[in-house]
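Descriptive structure summary
Next come the chains, spelled out residue by residue.
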Amino acid sequence: MPTVFRRLDRYLEVSEEVLAALAEGRGVVALESNVIAHGMPYPRNLETALAVEEAVRRGGAVPATVAVIGGRARVGCGPEDIETLARLGPAVPKASVRDLPVLFAREVTGATTVAATGSIAARAGVRVFVTGGIGGVHRGWEGTFDISADLAVLGRVSLAVVCSGAKAVLDIPATLEHLEMLGVTVVGLGTERFPGFWVRETPYPVDVAVSTPEEAAAVAAARFASGLPGAVLVTVPVPAADELAREELDRALDRALAAAEAEGVRGKALTPFLLQAVEKATGGRSLQANAALLRNNAAVGARLALALAERCPGPVSPA
Ligand code: PSU
Ligand code: MN
């Protein structure tokens, strides 16, 4: 059956399934599309995107993959949309917040980053968003000022964002300082330390450790109910079986960063470049870890969404 969408305004359309779940106060989990188009090669990206949606459903929640399709923000992409994004891959433009109005005006398709996905999901009234790694402060920021718009969005939208930390290619302590400045609450699920995406932990502490998704939901519910804007970042370490060895990762990262510098890769091209370089250097094991943590985060996100729906009953009003 083709997915049916309803237009909420000129540039926003939401699937009937997601709208019904929101109206009935059931759990909905937003998912980003940039990781499909730019984070993994085809067909691994397609398999992973579908497996992540399936993990959300098995957890009893409704998945809502977000992308811009033909100039409209779409919440709850159908399998046909996901297939298109996966097949076209990097031919689909990477869309952060600043790019959205251009895609809308030109009526074209784009793959949404954490920043763009979070903004769109919150507008549609979704409260939980699952991703792999958020963007953050890049190494060498003192010279480039390269700080992902993901952080700015986390500072202003009311969302519980489940992730496995920020990509290890970033300056992690600077990213945590920036999150603190923005007032984002950083929760560790089963960890006292901020996860390192491909590895289970970094040396840097989270704001608060919890042991269940329900406890994390209590923190998120308190934030939303108290009228504070901004996100609760629920960090979950990659499953132990899929973790990379730290020395191998450090070596791969050093090489990737040197290659980026030598080739003059900057700006929005930097994140996909570094991810690909690490993938090559680890013989694809970074990709396997990425897929495993996304599926695991999806299961956590579903539990969190159900717990949040219970704590904040009734339909969610759009942001
Ligand atoms: N993590 C991944 N793969 C990715 C990204 C994160 O494992 O492709 C993407 C996310 O979409 C994130 C974006 O929002 O990188 C950040 O890019 P930038 O630093 O240009 O804002
Ligand atoms: Mn950047």
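Shown above is the structure to which this text applies.
Overview of the structure. (Residues numbered from 1 in each chain as written. Chains lettered and ligands numbered in written order. Predicted model: local features only at pLDDT ≥ 70, side-chain atom pairs only at ≥ 80, totals over all residues. Heavy atoms only, no water.)

**Points about the packing of helix α3 (residues 44–58) against helix α4 (residues 79–88)**
Relative placement of two packed helices is described by the angle separating their axes and the distance separating the axes. Where α3 meets α4, the closest approach of the two axes is 9 Å, and the angle between their N-to-C directions is 150°. Classified by the angle their axes make, α3 and α4 are roughly antiparallel. Like other packed secondary-structure pairs, α3 and α4 cross with a definite hand, here right-handed. Here Asn45, Leu46, Ala49, Leu50 and Glu53 of α3 come into contact with α4, specifically with Ile82, Glu83 and Ala86. Its residues assigned to classes, the contact of α3 with α4 shows five nonpolar, one polar and two charged. (Axes fitted to C-alpha atoms, helices over the stretch in contact; angles between N-to-C directions. Helix = DSSP H or I, 4+ residues; strand = E, 2+ residues; numbered from the N terminus. Parallel < 35°, antiparallel > 145°, perpendicular 65-115°, else oblique. Left-handed = near helix turned anticlockwise from the far one by under 90°. Contact = heavy atoms within 4.5 Å. Nonpolar A, V, L, I, M, F, W, Y, C, P; charged D, E, K, R; others polar.)

**Structural notes on the pairing of strand β10 (residues 185–189)**
The buried count for β10 comes to four of five residues, which makes it a mostly enclosed element. With three bridges connecting them, β10 and strand β11 (residues 208–210) associate as parallel partners. In the strand pairing of β11, glycine 188 is matched with alanine 209. (Buried < 20%, exposed > 50% of the residue type's maximum accessible area, 1.4 Å probe, protein only. Pairing = 2+ DSSP bridges.)

**A few points about the pairing of strand β12 (residues 232–235)**
By the alternation rule, side chains of β12 split into Val232 and Val234 and Leu233 and Thr235, which are all buried. One ladder, built from four bridges, connects strand β9 (residues 160–163) with β12; its direction is parallel. For cysteine 163, the partnering residue across the bridge sits in β12 and is threonine 235. Taken together, the four bridges between β10 and β12 define a ladder with parallel strand orientation. Counterpart to valine 186 in the pairing with β12 is leucine 233.

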